[in-house]
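As a plain string of letters, each chain reads:
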Number of protein chains: 2
Amino acid sequence: MNLSGKSYINGAWQAAQTASTFYAFCPATNEPLTQAFFNASEAQVEEATNAAEQAFKAYRKTSMTARAEFLETIAQEILALGDELITTTMAETNLPRPRLEGERGRTVNQLNAFAAALRDNLAELSLDKEEQADPNRTPLPKPKTQLKHIPIGVVAVFGASNFPYAFSTLGGDTAAALAAGCPVVYKGHPAHPATCELMTKAIATAISKCDMPSGVFSMLQAKAYDVAHCLVKAEPIKAVGFTGSFGVAKALQDTITKRHEPIPLYGELGSVNPQIVLPEKIQSQGAELGAQFVQSLLMGNGQFCTSPGIWLVPSNHSQTFIETAKQNISAAPSDTLLTPGILKAYQNSIAVLKAHPQVTLLSAGEQAQSFHASAHLFFTDSESFTADVRLKEEVFGPSALVVSYDNLAQLEDLIADLDGQLTASIHGTESDLHQAEDIIEALQYRVGRLIYGQMPTGVEVCATMNHGGPFPSSTDVRSTSVGLEALKRFVRPICIQS
Amino acid sequence: MNLSGKSYINGAWQAAQTASTFYAFCPATNEPLTQAFFNASEAQVEEATNAAEQAFKAYRKTSMTARAEFLETIAQEILALGDELITTTMAETNLPRPRLEGERGRTVNQLNAFAAALRDNLAELSLDKEEQADPNRTPLPKPKTQLKHIPIGVVAVFGASNFPYAFSTLGGDTAAALAAGCPVVYKGHPAHPATCELMTKAIATAISKCDMPSGVFSMLQAKAYDVAHCLVKAEPIKAVGFTGSFGVAKALQDTITKRHEPIPLYGELGSVNPQIVLPEKIQSQGAELGAQFVQSLLMGNGQFCTSPGIWLVPSNHSQTFIETAKQNISAAPSDTLLTPGILKAYQNSIAVLKAHPQVTLLSAGEQAQSFHASAHLFFTDSESFTADVRLKEEVFGPSALVVSYDNLAQLEDLIADLDGQLTASIHGTESDLHQAEDIIEALQYRVGRLIYGQMPTGVEVCATMNHGGPFPSSTDVRSTSVGLEALKRFVRPICIQS
């Protein structure tokens, strides 16, 4: 592995001699890694955003076919990085090899899916349309009007630590922006800077092979927060794609608010993804559901944004369900979390729940190492849940809270009390679903994706996906960060009249 | 005319006994009108928004057909107000009868157009789609996913003084929101409160005839600004539609920013709508264009948001154009403006231009009354225009500034220097347009509507219109306030997975 630790700006790898450095962390060994990365400077942010603005003038004129070729070449160059990409990311995240290989596949598929849509002239998005003139209309002739969509301008993208490929350097936001005709200035995630550098090498090769303008993609390495704020303040930036925590999004929004020109922040912040089990279902399939829920919770050691964190179950007949879940949690091996910060936050949340007088610990998994996170399952009743906002907050990691309800009226109140969510699942028999019709109708207005009888983890990347939801699960309920529709974030309408 | 001066909240006309009052102003006589209107209180704002939130639960479940009938009934009830509506608005605005009759027709047509789209299941908007399951897919089965769109929630609407029907009580934003399934809390415009009251009577009758929930529409009378801020702060409000000045929009945005939950402000703020004349065209059709430009400028006495305020013309061969424009300006009768505030702002802007050392007054129209606005035509060169931001600002009223350019390179710089605009028109022969290809490509990124060879006034209400543009012409370049696409402001995606 031959890494520079530098940022990639307007076609060149750069670092100021005076730049401060930072190091990634190896969760497996609980030690910092040895490769130094240079924090980008404010001047470099300016250089990258200005280069992107220049590049926009050429890139926005490229044909859909040329952009499709570019995306396909990026996908090929990601695969050409070979196993070095996987082993590098394993060191930085301790995510298991099959998971990372799967995520790489998804990332390549995302790029190719946008490319295919471009080759089809984005017909599936039904964006553009046209009306003919009617010169004989009275009292005034009708002009010819075409509704077209053009790229919005330079996009700032912030990657997430939990999906180092699919929501990072060349992940969904970057793919959607490049497909739309927008240059990207990407701020590297400090939890996987070596992965960011390798991915940037892939796109740098693609830029050169496809003869794209050099400023079409820049990558800024930075652990320091000032670079992020400097980036979203920069005048050329016309939209921000962000996946991460509520706190960081709020801070970025406060900076964006001070701009002269308002720009959208597409922040995808997370969610407790309530799992609602209805009475008949829990009686007939308690054991099966208990096992399914735990399996979904443990995916990525609970670090999926769609991880099922709150389980609403009837107080009657739920014993089999709870017993199965408890056993499966007890049998769960412990594992690392992505960063020391995430581990600390998880430990704090667990401590709060353990100390809570109205919360019972049902079960906990193995704890093989002191720096591992072990699985936890807690229990509370609906009155206690409603009374304490802390119980509704996301615990990022392998912990879930079972909330029991006594009847459908109480369930309805619980749902009315929920914050906005990326997803919710409803598990019921046909008769259950019929009884709960009004509850399900209301649930729609709390979520971005409503799932019948399936777990929320494993977001399908397709043309009809929506990954986003009412605040605070995302900052803009009107758009998705996954799937073809994500392209709409980065175009805007124009009417051509003649 | 039998007016109460009250607000209409959750199905009842209300005014606190202690409420302060305000009066509309009659531009024709330059005197206040005598009917007192009661300022709504903060408690009334809360009552209206809470009632709307309650109404949302029922209104969002109404069928598209039921909503279509509701919109059609509103349209009928507007017409049923008869001539009293026209005479009332004439007293409040001094807009001429034919203009108001035309605007009433447009407003009724807008409601009927949304109704027709609803009866067609909104097929033209291509919002919803579905993908089938593939249970045999490996490694994981593909779920069935449907992308649907649901109403966003309660919408606050602020009307504009310059379109007392089409952009006011039952104007575009209200029609789009109701069509989308969203209740509306409308803040009455203090320049035409009697018009607001009559229009509210029309919708009140329609609510009753169609058996809609009483909170689906409330109207708050207020001159005081605190009501507006209280409204956009209210928790049930999920989007704001606004047409008005930059300053008021900025103040509302500052209030919205302080909310816990971010919500979109769809503000349409105005624009100078540059008219770009190319060299061959001005030589061949100077007289015709000069007359056309002045005619467009004088529509509504220069108070259209699409009024052509800046004319970019070649320094050579523009004499015929300028002479014709001067003559037509000189012959223009003076007229009132909508409010004393608008009149004062117009007089101030004219004084600034007259006193500007690099600006020449080419011509001025009649001034029949001291409180009339007379037409003005000014001239400057491109260097002076570029050097002074004040020259790029909108003058709301019948004034235009001719800016001469020496060559296409200079024109390109002028366009690069332009603020975001609702529209721009380009007037050229085929050969002109060919020469200016790059300029036109760049111009797209400055406007929401690009017009070839026509004037910007007279926005076509159709499925392919875009009325909005880059900041500061609007606050959200991603959406339109006119035409069928405006409905997209008030829905958001949800994925249903099974």
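Residues numbered from 1 in each chain as written. Chains lettered and ligands numbered in written order. Predicted model: local features only at pLDDT ≥ 70, side-chain atom pairs only at ≥ 80, totals over all residues. Heavy atoms only, no water.

### Digging into the overall build of chain A
Cut-off, in case you're wondering: Numbering goes from the N terminus for both helices and strands, where a helix is a DSSP run of H or I of at least four residues and a strand is a run of E of at least two. To get the radius of gyration, use the C-alpha atoms; to get the globule rule, take the number of residues to the power 0.38 and multiply by 2.2 Å. Relative accessible area decides the class of each residue, using a 1.4 Å probe on protein chains only: under 20% of the type maximum gives buried, over 50% gives exposed, and in between gives partly exposed. The criterion used for residue contact is that any of the two residues' heavy atoms lie within 4.5 Å. In short, Shrake-Rupley with a 1.4 Å probe defines the accessible areas, and a residue's cover is counted only from the protein chains shown.
In terms of regular secondary structure, chain A is built from 15 helices and 19 strands. Relative to its length of 498 residues, chain A is compact, with a C-alpha radius of gyration of 24 Å against a globular reference of 23 Å. Counting only C-alpha atoms, chain A reaches 70 × 65 × 40 Å along its principal axes. Residues counted as buried form 61% of the 498 residues belonging to chain A. Nonlocal contacts in chain A, meaning residues at least 24 apart in sequence, comprise 76% of its contacts between residues at least 6 apart. Element-wise, carbon and sulfur atoms account for 51% of the exposed surface of chain A, whose accessible area totals about 18,000 Å².

### Structural notes on the relation of the copies chain B and chain A
For clarity, the threshold we go by: To superpose the copies, least squares is applied to the C-alpha atoms of every residue with a pLDDT of at least 70 in both.
Overlaying chain B on chain A yields an RMSD of 0.0 Å, the required transformation being a rotation through 180° with an accompanying axial translation of 0.0 Å. With respect to symmetry, the two chain copies, as superposed, fit the operation of a two-fold axis. Residues of chain B ranked by C-alpha distance from the rotation axis are headed by Ser126 of chain B, positioned 3.2 Å from it. Of all interface residues in chain B, 100% are interface residues in chain A too; the two copies therefore contact each other through one and the same surface.

### What to know about the packing of aromatic side chains
Residues and elements named next belong to chain A. We apply this condition: The aromatic pairing rule takes the rings of Phe, Tyr and Trp, using the six-membered ring of Trp, and pairs them if the centres are within 6.5 Å, calling planes under 30 degrees apart stacked, those over 60 edge-to-face and the rest tilted.
For the structure shown, the criterion picks out 24 aromatic pairs over all chains. On the numbers, 5.8 Å between centres and 55° between planes, the contact of Phe246 with Phe471 is tilted. In this pair, Phe246 sits in helix H8 (residues 246-257) while Phe471 sits in the loop between strand E18 (447-452) and strand E19 (491-497), placing the two residues 225 residues apart along the sequence. On the accessibility criterion, Phe246 (35% relative accessible area) is partly exposed. A residue is classified by how much of its surface remains accessible, and Phe471, at 13% relative accessible area, is buried. Taken together, a centroid distance of 5.9 Å and an interplanar angle of 90° make the contact between Tyr266 and Phe490 edge-to-face. Remark: Phe490 occurs in the loop between E18 and E19 and Tyr266 occurs in strand E11 (residues 265-268); sequence separation between them is 224 residues. Like Phe490, Tyr266 is buried.

### Quick look at the sheet that holds strand E5 (residues 129-131) of chain B
This is how it is decided: Note on pairing: two strands pair once DSSP finds at least 2 bridges between them. Every axis corresponds to a line fitted to the C-alpha atoms, with the helix fit spanning only the stretch in contact, and the corresponding angles, defined between N-to-C directions, vary from 0 to 180 degrees.
The ten strands are arranged E14(A)-E15(A)-E16(A)-E13(A)-E12(A)-E17(A)-E18(A)-E19(B)-E6(B)-E5(B) in an open sheet whose pairing can be described as mixed. Because the sheet does not close on itself, it has two edges, and the strands there are strand E14 (360-364) of chain A together with E5 of chain B. Neighbour to neighbour, the strand axes of the sheet diverge by 20° on average, direction disregarded. One ladder, built from three bridges, connects E18 of chain A with strand E19 (residues 491-497) of chain B; its direction is parallel. Directly across from Ile451 of chain A, in E19 of chain B, lies its bridge partner Gln497 of chain B. Contacts from helix H11 (residues 340-355) of chain A reach E14, strand E15 (376-381) and strand E16 (399-405) of chain A, with the element oriented near 40° to E15 of chain A. In the packing of helix H13 (residues 408-416) of chain A onto the sheet, contacts are made with strand E12 (275-277), strand E13 (310-314) and E16 of chain A, and the angle to E16 of chain A comes to roughly 135°.

### Considering the pairing of strand E6 (residues 145-151) of chain A
All names here are of chain A. Most of E6 sits out of view: five of its seven residues are buried. Pairing geometry for strand E5 (residues 129-131) and E6, over three bridges, is antiparallel. Paired with Lys129 across the strands is Leu147, a residue of E6.

### Digging into the UniProt feature "domain: Aldehyde dehydrogenase" (unreviewed entry) in chain A
Condition: UniProt positions are given in the numbering used here, feature names are shortened, and annotations may be inferred rather than shown by experiment.
Per the UniProt entry, the sites bearing "domain: Aldehyde dehydrogenase" (unreviewed entry) are residues 13-479 of chain A in this numbering. Secondary structure within residues 13-479 of chain A divides into 41% helix and 19% strand; the distance between the first and last C-alpha atoms comes to 34 Å.

### Comments concerning the interface of chain B and chain A
What counts, and what does not: The term buried area denotes the loss of accessible surface (1.4 Å probe radius) that occurs when two parts are joined, taken as the sum for both partners. Salt bridges are counted wherever a side-chain nitrogen of Lys or Arg sits within 4 Å of a carboxyl oxygen of Asp or Glu. We define a polar contact as two N or O atoms separated by no more than 3.5 Å, with the added condition that, inside protein, one atom must be a possible hydrogen donor and the other a possible acceptor, whereas residues neighbouring each other in sequence contribute only through side-chain atom pairs. Residue polarity follows a fixed list, in which Ala, Val, Leu, Ile, Met, Phe, Trp, Tyr, Cys and Pro are nonpolar, Asp, Glu, Lys and Arg are charged, and the others, Gly among them, are polar.
With 61 residues of chain B at the contact, the number on the chain A side is 61 residues. The junction of chain B with chain A conceals about 5,300 Å² of combined surface from both sides, 53% of it contributed by carbon and sulfur atoms. There are ten salt bridges connecting chain B and chain A. The interface formed by chain B and chain A includes 38 residue pairs in polar contact (both at pLDDT 80 or more). Counting residues per element, the side of chain B that touches chain A draws most heavily on E19 of chain B, which supplies seven residues. Looking at side-chain class alone, the side of chain B that touches chain A contains 28 nonpolar, 14 polar and 19 charged residues.

### Points about the sheet that holds strand E12 (residues 275-277) of chain B
Across a sheet, paired strands are connected by hydrogen bonds in the backbone, their directions being either parallel or antiparallel. The ten strands lie next to each other as E5(A)-E6(A)-E19(A)-E18(B)-E17(B)-E12(B)-E13(B)-E16(B)-E15(B)-E14(B), forming an open sheet whose pairing is mixed. Of all strands in the sheet, those with a lone pairing partner are E5 of chain A together with strand E14 (360-364) of chain B, marking the two edges. Mean inter-strand twist for the sheet, computed between neighbouring axes without regard to direction, equals 20°. Sheet contacts for helix H15 (residues 437-444) of chain B: E6 and E19 of chain A together with E12, strand E17 (421-427) and strand E18 (447-452) of chain B; angle to E18 of chain B, the most-contacted strand, approximately 145°.

### Topic: helix H2 (residues 64-80) of chain B
Owing to its 3.6 residues per turn, the α-helix aligns residues three or four sequence positions apart on the same side. Residue and element names in this part refer to chain B. What counts here: Expected helix span is taken as 1.5 Å per residue step, with the number of steps being one fewer than the number of residues.
In a regular helix each residue adds 1.5 Å, so 17 residues correspond to 24 Å; H2 covers 24 Å between its end C-alpha atoms and thus fits that length. Looking only at H2, the buried set comprises Arg67, Ala68, Phe70, Leu71, Glu72, Thr73, Ile74, Ala75, Glu77 and Ile78. Check the buried side of H2 and you find it contacts helix H1 (42-59), helix H3 (83-93), helix H4 (97-119), helix H5 (172-180) and helix H6 (193-209). Two residues or fewer after H2 comes Gly82, characterised by a positive phi angle close to 65°.

### Some words on H3 of chain B
Residues and elements named next belong to chain B. Quick reminder of the rule: Arc definition: it is the arc formed by the directions from the helix axis to the C-beta atoms.
Within H3, burial applies to Leu85, Ile86, Thr88, Thr89, Glu92 and Thr93. The arc enclosing the buried residues of H3, seen along the axis, measures out at 165°, which places them on a common side. In this structure, the buried residues of H3 make contact with strand E3 (21-26), strand E4 (31-38), H2, H4 and H6. Looking one or two residues beyond H3, the residue adopting positive phi is Asn94, at roughly 55°.

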